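# Geometric and topological summary
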Amino acid sequence: MSTPDAVRPLKYVDALREAVEQEMDRDPSVFVFGLDVDDHKCIQGSTRGLLQKFGSDRVFTTPLSEDAMTGVAIGAAMAGMRPIHVHIRMDFMLLCMNQLVNIAAKASYMWGGQVKVPLVVRSMIGKSWGQGAQHSQGLHSMFMHVPGLKVAAPSNAHDAKGCMIAAIRDDNPVVFMEHRLLYGTETDVPAAPFAVEPGKARLCTRGDDVTVVGISNMVQEAIRAAELLAEAGVQAEVIDPIWLKPLDIATIVESARRTRRLLVVDNGWEMCGASAEIVAGVLEAAGPEAGIRVQRMGFAATTCPTSPWLEAEFYPNPGTIAAAAWKLARPDAEPWVPSPERTRLAYQVQFKGPF
Amino acid sequence: MSTPDAVRPLKYVDALREAVEQEMDRDPSVFVFGLDVDDHKCIQGSTRGLLQKFGSDRVFTTPLSEDAMTGVAIGAAMAGMRPIHVHIRMDFMLLCMNQLVNIAAKASYMWGGQVKVPLVVRSMIGKSWGQGAQHSQGLHSMFMHVPGLKVAAPSNAHDAKGCMIAAIRDDNPVVFMEHRLLYGTETDVPAAPFAVEPGKARLCTRGDDVTVVGISNMVQEAIRAAELLAEAGVQAEVIDPIWLKPLDIATIVESARRTRRLLVVDNGWEMCGASAEIVAGVLEAAGPEAGIRVQRMGFAATTCPTSPWLEAEFYPNPGTIAAAAWKLARPDAEPWVPSPERTRLAYQVQFKGPF
Amino acid sequence: MTETSLSPADVSRLYRSLRRIRRFEEVTAEIYPSDRIKSPVHLAIGQEQVSAAICDVLGAGDWVGGSYRSHAMYLAKGGSMPAMMAEMFGKDTGCCRGKGGSMHVIDAAAGVMGSSAVVSTQIPVAAGYALAAKRARAGHVVAVFFGDGASEEGCFYETLNFAALHALPLLFVCENNGYAIHEPIARRRARPDEICSVAEALGVPAWRIDDGDVFAIRQTADEAVRRMRKGGGPALIEAKVYRWREHVGPNEDYDQGYRFADEVVPWKRTDQVERLAAMVEPALRTRIDAEVEAEIAEAVRFAEDSPIPQPKEVWSDVYA
Amino acid sequence: MTETSLSPADVSRLYRSLRRIRRFEEVTAEIYPSDRIKSPVHLAIGQEQVSAAICDVLGAGDWVGGSYRSHAMYLAKGGSMPAMMAEMFGKDTGCCRGKGGSMHVIDAAAGVMGSSAVVSTQIPVAAGYALAAKRARAGHVVAVFFGDGASEEGCFYETLNFAALHALPLLFVCENNGYAIHEPIARRRARPDEICSVAEALGVPAWRIDDGDVFAIRQTADEAVRRMRKGGGPALIEAKVYRWREHVGPNEDYDQGYRFADEVVPWKRTDQVERLAAMVEPALRTRIDAEVEAEIAEAVRFAEDSPIPQPKEVWSDVYA
Ligand SMILES: Cc1ncc(C[n+]2csc(CCOP(=O)(O)OP(=O)(O)O)c2C)c(N)n1
Ligand SMILES: Cc1ncc(C[n+]2csc(CCOP(=O)(O)OP(=O)(O)O)c2C)c(N)n1
Ligand SMILES: [Mg+2]
Ligand SMILES: [Mg+2]
């Protein structure tokens, strides 16, 4: 039996599951639905056991009807329930943009505060093993753009649990962005329920040479890059915003003022992306007198290809992140690129498709 | 009879209509469809006469089925036709995000260059007289975000015609963003067909004190602001990107390097918006040594309210734009705000709803 | 038109509901040219009977939802008239505090879940309310109102299937006025007469009332709702009606060429407001009419006298 | 199973098509554990007859489109086998030049319009091709393949209505294998047996073939397509089939608990590949089988020997 303040290593996927289970225990109005949440694969394990424990009234699959199911979630939320609607890929949320943007985001406002929409929309980002064009998109910036929505993008098991609990308790629609390649990663996670609320970014590493903001799994890749950079004598400060909306820009501004170099590495495209927002937000706040040099990195400005040789060009990785950070920090030195073997991430070595 | 190089004043709405008519004349594969394109109101006049001239095979309404109709447009385009799909409000495009982002934008790439999607999606932005939450959104940044799409946002009749012709001739999906309040505005427009291609922003006014980028109808409001600023002794350089994707960032960088102040005024929200992109793009390119101070303006970070008294707080206007530009250009002077009567735009005085 | 077995009290209650809606909208149309209402208004004049009949069999704890054309539904379900008028005037006392206008009316206390201006979006949202109602097991039901055009959107079909699958207490109410804006249904639907068949094929029992008879609609709804309260699952009612005014705005538009005045003739002949007026005892009718006029005048006065929203209110209610 | 009036040549052609698809996928499944195919594969083993039958009545100038489970359709319509195998290997010679993988196969020259991995998205796209075909007036038709799950998406219904309204030459082909991933149709559809009724209510004549009989499917398609070529408008064929392997990946999954091996028994007993094999004259059958094996071996060799894409190719074809 674990004591209430016990902490143990937990996988990201199990942290998600545990958060939902604890909240369902606490609050009977919480329910989970979406395609395949109740089959034996349980959304890669993230809904495992919930059906058995809470029954099919509170854990159920749906027809393939993302648009209407989102409306159903919104209506149930307005009526006082707390739905968690699950998409196994973020790409499929493009089918429910109308409900999310035209109704969920606007309900409280356009109806004069008479209703609220306590809704969590879980979505997973795929990567590699041929996920390709339509199973790999990080679309968070589209949701960040819209007032009335919140967006969480936890990059480790601890925050996965804490953000999920905060999202479920939030009275507003929260787009919850997970990453498939993070599911197997472990960190220490408190056993008791706890909330990681919006508004406070995390300093993952400390350094005075360059600020590196990572988003979603790019946090892990940035941390690996920071290790490589440290070996080369550059101290990178890696920041994880955790919540993208509302965004704790102040922490990033503070760091960037000190390092005078800002690299934002997104798990998405750059144009009008989260990286554009962070760069613009920092420089608007800090002004030219802060003398901050900035750079964005993200998906190549292309569709995601399936061939592994092409995919390697599509994503930032610890090697390209480290090289870019080096160039920002040491503009006058020779370019430096870590050796390819050193840049592979642990989870990339372990992982094998299909998924 | 007008000679081929004749230029005459034309309204924005008629420029749109003329462009489509000329292209339909030239190329039998061009057709126009969408809700209400063939009724007596003709999308506020912008499709007037097309049904009579080209018949119902080439000009026809649809069921209320935006998602499938977008798929139909994409398929017809892949099969060699050149559809123009019309939405009377940009907000309704949220129903077709899946087809636009998951298919139209990706078709050429994910199918290895075997197909192309020469599609134009016309959409109008509404404003005032109670348009409110769901009839007023400028969602261009969502489309700018996605590789494979192009985005045009002409702010005057000349560019409306030229961009429309370029968009129809383009072999890629183009999101064409119009603004209802611009429909009645006139400029000189060549009678003969001509194309305003992507990639070249327009300098609308010249000035060395501050660069003001306007988007869509905010160009007109920025030009009015520049007039007010000129009276107060500040010379603003107003730039109209015309095409938002691909975006001619070089012209903006050049101007901002000179003025060392950049104000971007968008007809949309700021977070992850076109204004974030332009600010980030300029500062990434120019670096801290250029010493550029930046500011974004756009919709208030709220849903659009209907009450005119609230709506006045929601949109930038020539007064707020001029005041912000003044503050950028004269950081040490007293704040200055033009008098409210002087800031009203001609079209705002003329216009009366509903529409 | 059918005979009715309703009591005189029932008939006069229905009459009051119809008359209130009709007059509220007529007064709205009269005010409109003065430009005090800066909001697109979509009037239901001529098709009030659907809301009046359906809401007559609903009660406290039941919900209704609908489209931009929702004045009738709102009033029939008991939504506050002054709050709706103030909303159209853009005042701080409006039901949305000036943030929704005519297209987004809501009165949560009265069970009006809010109306939405993107066609058909409230259909699945209503199913969400119905899911909550089912889980709450208190026998409450939800009715969602939409037009013939809305029945062409994918989420209508998706919701029919889901509602049937989960036996939700959801009444789909299709107000088929034959037009979506100016486009007749035959230009939009291959089988204009088969909306009910589609519902049935997806598992939702459906009924069509062709003549706009308020009693027939009420009777059908009454049976459907009774069944629903006992767990019988969803139903659909398609009521053919006719819109007398233009799609949006206060005027008639028979001179615009897309339809002709003779189309409305049979509908005016069977106008349900007039029909029921004739069934109500004259003195009572006079009293009802006077009360309705007074209520409307009071709502207009309230709207006019109400304060405008403070500028800072643009920032409130973005988040709950 | 029906008798067939097809000639021996027709039967052996159909047999070759079935056998090619079956063996291509079996070989794919064999290669899969070697990790040379880094792409999710959705095998159609057990349900090849739908593609084989439908494509047998299509010709040059006709188009087909489908989902992530499209190897069968692609091969049956004449798509290049080496190009598809190379695509699964991620090679530069792949049909998408390594940008699509197994889920996005295309061969424009053969009339394969490309398959899409977002369920049901190709249904309206196929209608767009059909609109173009109708305008071109050359009597060409389009067939779109999708699963039972896809029939729950809004755009399926929207497209049925549009296709009927415009009398498009579009054949809707629903391969109903009773599951969407692991969810049986009864958990997703209130009226699992009424897909055809929905189509009919929307104006699209529909036929269901329950037993997987390749001749019955072909016969129905033949009649529908003939009518269609003359302007008769769309049709829908719902073919009940059974997926023998797991939803995605090379293996069987009867031990996973969501379905049991006895479900497949009747389908294996009536396996159309075996059935037609028995109808083909043995020497010819031996020759066909050998040719098929050689073709597949050659496709694998081609895929293996092909160059990998150059890094710079990540940037090509973003825009046409
Ligand atoms: C999704 C969407 N598409 C288009 C519109 C524009 N529009 C507003 S009302 C309307 C017609 C709706 O017709 P119907 O559902 O029959 O309702 P009615 O107006 O006849 O009551 C249309 C197309 C919209 N508001 N939303
Ligand atoms: C819009 C969308 N939602 C969900 C998914 C995830 N998904 C992939 S295949 C599938 C099941 C589809 O079932 P069906 O249409 O019957 O085809 P089958 O796999 O049985 O051939 C689902 C839900 C998806 N790809 N696209
Ligand atoms: Mg209608
Ligand atoms: Mg299936």
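Note that the structure is predicted; figures quoted are calculated from it, not measured.

### What to know about the coordination of the magnesium ion (ligand 3)
Residue and element names in this part refer to chain C. Within the protein, the atoms that donate to the magnesium ion (ligand 3) are Asp-148 (OD), Asn-177 (OD1) and Tyr-179 (O), at distances of 2.0 to 2.1 Å. Counting residues between consecutive donors of the magnesium ion (ligand 3) along the chain gives the motif D-x28-N-x1-Y. With Asp-148 in the loop between strand 3 (142-147) and helix 6 (154-165) and Tyr-179 in strand 5 (residues 179-180), this pair connects stretches of sequence that are 31 residues apart. For Asp-148, a relative accessible area of 1% corresponds to the buried category. The class for Tyr-179 is buried, based on a relative accessible area of 10%.

### Observations regarding the site of ligand 2
Around ligand 2, a shell composed of 20 residues is seen, among which Glu66(A), Tyr68(D), Arg69(D), Asp148(D) and Gly149(D) lie nearest. Within the contact set of ligand 2, an oxygen atom lies 2.7 Å away from a side-chain nitrogen or oxygen of Tyr68(D). The backbone of Ala117(D) places a nitrogen or oxygen atom 2.9 Å from a nitrogen atom of ligand 2. Residues that form the shell around ligand 2 fall into these classes: 12 nonpolar, 4 polar and 4 charged.

### Brief notes about the nonpolar core
General note: in soluble globular proteins, nonpolar side chains tend to be found buried as a group. Within the largest apolar cluster, 392 residues are counted, with the highest numbers of intra-cluster contacts made by Ile54(C), Leu171(C), Phe172(C), Ile54(D), Leu171(D) and Phe172(D). Those residues in contact with Phe172(D) that lie beyond four places of it in its chain are Ile123(D), Val144(D), Phe146(D), Phe156(D), Thr159(D), Leu160(D), Ala163(D), Val204(D), Pro234(D), Ala235(D), Leu236(D) and Ile237(D).

### So, the interface of chain A and chain D
With 32 residues of chain A at the contact, the number on the chain D side is 40 residues. Between chain A and chain D, the buried area comes to about 3000 Å², and carbon and sulfur atoms account for 63% of it. The largest contributions to the chain A side of the interface with chain D come from Leu64(A), Trp309(A) and Leu310(A), which together make up 22% of the buried area. Connecting chain A to chain D are 1 salt bridge. Between Asp38(A) and Arg187(D) there is a salt bridge, with its nearest N and O atoms 3.5 Å apart. Scanning the region where chain A abuts chain D turns up 15 residue pairs in polar contact (both at pLDDT 80 or more). Classifying every residue of the side of chain A that touches chain D by side-chain character gives 14 nonpolar, 11 polar and 7 charged.

### Section: the relation of the copies chain B and chain A
Its rotation angle being 180°, the transformation that places chain B on chain A also includes 0.0 Å of axial translation and leaves an RMSD of 0.0 Å. Those values place the two copies in the arrangement expected of a two-fold rotation axis. A shared interface surface links the copies, since 100% of the contact residues of chain B are contact residues in chain A too.

### What to know about the coordination of the magnesium ion (ligand 4)
Residues and elements named next belong to chain D. Bound to the magnesium ion (ligand 4) are the protein donor atoms Asp-148 (OD), Asn-177 (OD1) and Tyr-179 (O), situated 2.1 Å from the metal. Binding-site remark: the magnesium ion (ligand 4) is held by donors from one chain whose sequence spacing is D-x28-N-x1-Y. Here the residue Asp-148 occupies a position in the loop between strand 3 (142-147) and helix 6 (154-165), and Asn-177 occupies one in the loop between strand 4 (170-176) and strand 5 (179-180), the gap between them amounting to 29 residues. For the pair Asp-148 and Asn-177, a shared accessibility class is recorded, and that class is buried.

### Focus: helix 4 (residues 66-78) of chain B
Each α-helix winds once per 3.6 residues, and so residues spaced three or four apart point in a common direction. All names here are of chain B. The end-to-end C-alpha distance of helix 4 is 18 Å, a good match for the 18 Å that 13 residues give at a rise of 1.5 Å each. Judged by how many residues are buried, helix 4 sits mostly within the fold: 13 of 13 residues are covered. Within two residues after helix 4, Gly-80 carries a phi angle of roughly 110°, on the positive side.

### A short note on the site of ligand 1
The local shell around ligand 1 holds 20 residues, among which Glu66(B), Tyr68(C), Arg69(C), Asp148(C) and Gly149(C) are the closest. Proximal residues around ligand 1 fall on chains B and C, making this an inter-chain site. With respect to ligand 1, the side chain of Tyr68(C) contributes an N or O atom lying 2.8 Å from an oxygen atom. In the environment of ligand 1, an oxygen atom lies 2.8 Å from a nitrogen or oxygen atom belonging to the backbone of Gly149(C). In the complex, the protein chains occlude 95% of the 580 Å² of accessible area that ligand 1 would expose alone. When grouped by side-chain class, the residues that make up the shell around ligand 1 number 12 nonpolar, 4 polar and 4 charged.

### Regarding the domain arrangement of chain A
Often, the extent of an interface is quoted as the loss of accessible area upon association of its parts. Residue and element names in this part refer to chain A. On domain assignment, one finds that chain A holds domain 1 (9-190) and domain 2 (202-346). Relative placement of domain 1 and domain 2: their C-alpha centres are 27 Å apart. Taken together, the contacts link 36 residues of domain 1 with 28 residues of domain 2. Of the roughly 2300 Å² buried at the junction of domain 1 and domain 2 (both faces included), carbon and sulfur atoms supply 58%. Area buried by domain 1 at its contact with domain 2 is led by Lys-127, Met-144 and Ser-155, which between them contribute 23% of it.

Rules used in this analysis
Residues numbered from 1 in each chain as written. Chains lettered and ligands numbered in written order. Predicted model: local features only at pLDDT ≥ 70, side-chain atom pairs only at ≥ 80, totals over all residues. Heavy atoms only, no water. Donors = N, O, S within 2.8 Å, 3.2 Å for Na, K, Ca; no water. Helix = DSSP H or I, 4+ residues; strand = E, 2+ residues; numbered from the N terminus. Buried < 20%, exposed > 50% of the residue type's maximum accessible area, 1.4 Å probe, protein only. Near = heavy atom within 4 Å. Polar contact = N/O pair within 3.5 Å; in protein donor to acceptor, adjacent residues only side chain to side chain. Nonpolar A, V, L, I, M, F, W, Y, C, P; charged D, E, K, R; others polar. Core = buried A, V, L, I, M, F, W, Y, C linked by side-chain atoms within 4.5 Å. Contact = heavy atoms within 4.5 Å. Buried area = accessible area lost by both parts, 1.4 Å probe. Salt bridge = Lys/Arg side-chain N within 4 Å of Asp/Glu carboxyl O. Least-squares fit on C-alpha atoms with pLDDT ≥ 70 in both. Expected span 1.5 Å × (residues − 1). Areas by Shrake-Rupley, 256 points an atom, 1.4 Å probe, with all protein chains shown as cover. Domains from an automatic or database assignment.

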